[in-house]
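# Summary of structural features
Spelled out from the first residue to the last, the chains are:
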Amino acid sequence: MSSRALSPARLVALVCIAQIFVQLGAGYWPVVLPDMLGRWHLSNGEAGWITSAFYAAYMLSVPVLVTLTDRIDAKRRPSTIADDNGDGYFRTSETCDLDHADPFVAAINARLDAFAGIATAHGEPIQGQRYSVGQEFKAHTDYFDPKGADFARYCAVAGNRTWTLMVYLDQPAAGGATRFTRIGKTVQPETGKLLAWNNRLSPGQPNPASIHHGMKVRSGVKHVITKWYRERPWG
């Protein structure tokens, strides 16, 4: 059986059709709007501003997110883990070390630092991750196990990881959720959603409740960027 690559025009058309279906969920706001007018005592003008802000924010964010996925795809490599546990399928995603000399990446980094309220010097360079169908990162913590064989290698200079900021750049058709297994919380990927968590309870005391599973993508592709912060200045 021969295979034929999609033409650019057909690929664009398919992406547009898929996006239409994704945006069907946005129809929920018009449904609840009449009730919100009464509950929030909104005028029609105020309701209009809220609706326009919702769609404008989405339209403005998409070019930024797509630009990042292009950079990840161009320089991705197999992901690795610390303290190898012998499971060759423990982390099957791909990783990209984004170039902080790139003004676009530097601008994203500055926004994440401002959101976190943490000094830039304490941050690791942003990484991008790509998950295709069947790929996952089994339950793990972002902090390094103080008793692990690789602890000194990764933490001798900057100390352990304190905070994680992760942004979903797109939304796979199925799967790809982030499940915090200890607390039973599952976060579904949504384009532009930022997820943040604390990797320690206090200085020197890791937070075991932060263990999480990057679940398998069942259909489509998932891209995220991840920013980790350390106890001491990085590098």
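Preceding block: the structure.
Presented here is an overview of the structure given in this document.

About the cut-offs
- Residues numbered from 1 in each chain as written.
- Predicted model: local features only at pLDDT ≥ 70, side-chain atom pairs only at ≥ 80, totals over all residues.
- Heavy atoms only, no water.
- Salt bridge = Lys/Arg side-chain N within 4 Å of Asp/Glu carboxyl O.
- Helix = DSSP H or I, 4+ residues; strand = E, 2+ residues; numbered from the N terminus.
- Buried < 20%, exposed > 50% of the residue type's maximum accessible area, 1.4 Å probe, protein only.

Scanning the model with the defined rule gives 10 salt bridges in all. In this structure, Asp102 and Arg71 form a salt bridge, with 2.7 Å as the shortest nitrogen-oxygen distance. Separated by 31 residues along the polypeptide, Asp102 in the loop between strand 2 (94-97) and helix 4 (103-116) and Arg71 in helix 3 (residues 44-74) bring together distant segments of the chain. The exposure class assigned to Asp102 is buried, which follows from its relative accessible area of 18%. One salt bridge in this structure joins Arg230 and Glu124, with 2.7 Å as the shortest N-O distance. Pair noted here: Arg230 is in strand 14 (residues 222-230) and Glu124 is in the loop between helix 4 and strand 3 (127-131), with a separation of 106 residues, a long-range link. By relative accessible area, Glu124 is classed as buried at 6%. Through salt bridges with shared partners, one network takes in Asp73, Arg76, Glu94 and Arg130.

Moving on to unusual backbone geometry. The backbone phi angle of Asp83 is positive, close to 55°, even though this residue is not glycine. Among the structural elements, Asp83 can be located in the loop between strand 1 (77-78) and strand 2. Owing to a relative accessible area of 25%, Asp83 belongs among the partly exposed residues under this scheme.

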